[in-house]
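Report on the structure
Residue-level listing of the chains:
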Amino acid sequence: MRKLLLLPLLACVSCAHEVQVASQAPPHTKTHALMARQVENAVDLGDQDVEARRWRKRLAANAGDLDARLALARLYVNRGQPQLAVEHYRLAAELNPDLPGVTLLLAKSLRDLNEPSEALSIIAAFISRHPKESWELLSLAGILEDEQGLLKPAEAAYRAALAIDSSQSSLHNNLGYNLLLQGNAEAAAAEFRRAIQIDPHSLIAHNNLGTALMWAKSGKSEQAFAEWRKWGDPAAAHNNLAAIFLEQGHYPEARQELASALELRPDYPAALANLKLVAAADGGPATPAPSSKVNLWRRVTSGFTKDKNGTMIDKPAGAGDPPAVAQK
């Protein structure tokens, strides 16, 4: 099976609760050096920025005021200055090395800055001290490893996270996604089903289960279609089925599903794009043929993404790409 890049990757890296801790910094040299650096090097948001001044005033009075430091970091993120936010998250993590929520914020901000290796290093250091403390950090480690093609280490990270908390639908979904990338569609489908048992309304898990069913040895297209239909647009479900048929080289079946999609939505961009790909592959026409299927569902709106080969596949509204973060 080709490596799939068409599934929405839902990132379960959000904190269970916001850290609300105010503590005085322990007096050690490294921390004091970092504090000095952040004061001298941070770009001022402007003398007229009342909110920024308020948080900086609190930090000047108490460098260990975690609430103020995190609030200032969030302010930098919202103002489009993520590098400065990272510096504050570094300082917060330095002062609070045993708080998983702070390490998570730092690792996520490094991921956003395209620094996955450093993010993984920071997560690994925390997990070495607290191996069973945070399923969120283990999940983020899995996501980062998935994104770098380190599929076996990512699988191990997800399984370690599930050993801490197996009740997280998003973790089962992430493990299923990883197994699907490894070509184990049957095991992936089992994880997606577990995700759906925990959260029957997980649109991402239903969508991913549909894809896994299509890549399973038995190729259950009717069940896959039913899963895709659960999150809305029947035209999108036909298109998704066509996308998998196209990936598998089943061009007549792909054409039939695209015809069904375009009967429902004649101007559907994803289906039209896929039809061009089918035409390029089988030499047939790039215009839709009438469908023999009866389709009576109403149209609803959804977004779409595409895999590395250009195949267009719909995703639930708000699903987002990978990380994919988020609840994955």
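Residues numbered from 1 in each chain as written. Predicted model: local features only at pLDDT ≥ 70, side-chain atom pairs only at ≥ 80, totals over all residues. Heavy atoms only, no water.

**Looking at the overall build of the protein chain**
Along the protein chain, the regular secondary structure elements total 15 helices and 2 strands. Looking at the 328 residues of the protein chain, the share that counts as buried comes to 51%. (Helix = DSSP H or I, 4+ residues; strand = E, 2+ residues; numbered from the N terminus. Buried < 20%, exposed > 50% of the residue type's maximum accessible area, 1.4 Å probe, protein only.)

**Structural notes on the packing of aromatic side chains**
For the structure on display, the rule yields 0 aromatic pairs. Cation over ring: Arg265 sits above Tyr268, and NZ or CZ is 3.8 Å from the ring centre. (Phe/Tyr/Trp six-rings, centres within 6.5 Å; stacked < 30°, edge-to-face > 60°. Lys NZ or Arg CZ within 6 Å of the ring centre and 35° of its normal.)

**Quick notes on the packing of helix H2 (residues 50-61) against helix H3 (residues 66-78)**
Two elements in contact, H2 and H3, have axes separated by 9 Å at closest approach and are oriented at 150°. Taken together, the axes of H2 and H3 lie roughly antiparallel to each other. Relative to H3, the crossing made by H2 is left-handed. Facing H2, whose interface residues are Glu51, Ala52, Trp55, Arg56, Arg58 and Leu59, H3 presents Asp67, Ala68, Arg69, Ala71, Leu72, Leu75 and Tyr76. (Axes fitted to C-alpha atoms, helices over the stretch in contact; angles between N-to-C directions. Parallel < 35°, antiparallel > 145°, perpendicular 65-115°, else oblique. Left-handed = near helix turned anticlockwise from the far one by under 90°. Contact = heavy atoms within 4.5 Å.)

**A few points about the nonpolar core**
Membership of the largest hydrophobic core comes to 73 residues, with the highest contact counts inside it found for Leu72, Leu106, Ile123, Leu180 and Tyr268. Considering each element in turn, this core owes the most residues, 8 residues, to H3. Not counting residues up to four positions away in its chain, the partners in contact with Ile123 are Ala107, Leu137, Leu140, Ala141 and Leu144. (Core = buried A, V, L, I, M, F, W, Y, C linked by side-chain atoms within 4.5 Å.)

**Brief notes about the confidence of the model for the protein chain**
Taken residue by residue, the protein chain gives an average pLDDT of 74. The fraction at 70 or more is 69%. Within the protein chain, the lowest mean pLDDT, 36, falls on strand E1 (residues 303-306), and the highest, 96, falls on helix H8 (residues 151-164). Note that residues 38-48 has pLDDT below 50 and, in this model, 19 contacts with residues that lie over four places away or in other chains. Throughout residues 293-328 the model reports pLDDT below 50, and contacts reaching past four residues in sequence, or to other chains, amount to 129 contacts. (pLDDT = per-residue confidence, 0-100.)

**Some words on helix H11 (residues 203-215)**
An ideal rise of 1.5 Å per residue puts 18 Å on 13 residues; H11 measures up with 19 Å between its terminal C-alpha atoms. Across the 13 residues that make up H11, a large majority, 12, are buried. For H11, every residue scored as buried is listed here: Ile204, Ala205, His206, Asn207, Asn208, Leu209, Gly210, Thr211, Ala212, Leu213, Met214 and Trp215. (Expected span 1.5 Å × (residues − 1).)

**Let's talk about helix H9 (residues 169-181)**
Counted at 1.5 Å a residue, the expected span for H9 with its 13 residues is 18 Å, and the 19 Å between its end C-alpha atoms agrees. Of all the 13 residues making up H9, 13 are buried; the element is thus mostly covered by neighbouring parts of the structure. Trailing H9 by a residue or two, Gly183 shows a phi angle of about 90°, which is positive.

**With respect to unusual backbone geometry**
Phi is mostly negative for residues that are not glycine, and the peptide bonds are mostly trans. Phi is positive for Asn114, which is not a glycine, with a value near 60°. Classification of Asn114 by relative accessible area gives exposed; the value is 62%.

**Regarding the environment of Thr103**
With respect to the element layout, Thr103 can be found in helix H5 (residues 100-112). Taking the C-alpha atoms as reference points, Thr103 and Ala125, 22 residues apart in sequence, are found 9.9 Å from one another. Setting aside residues no more than four positions away along its own chain, Thr103 makes contact with Pro97, Ile122, Phe126 and Leu137.

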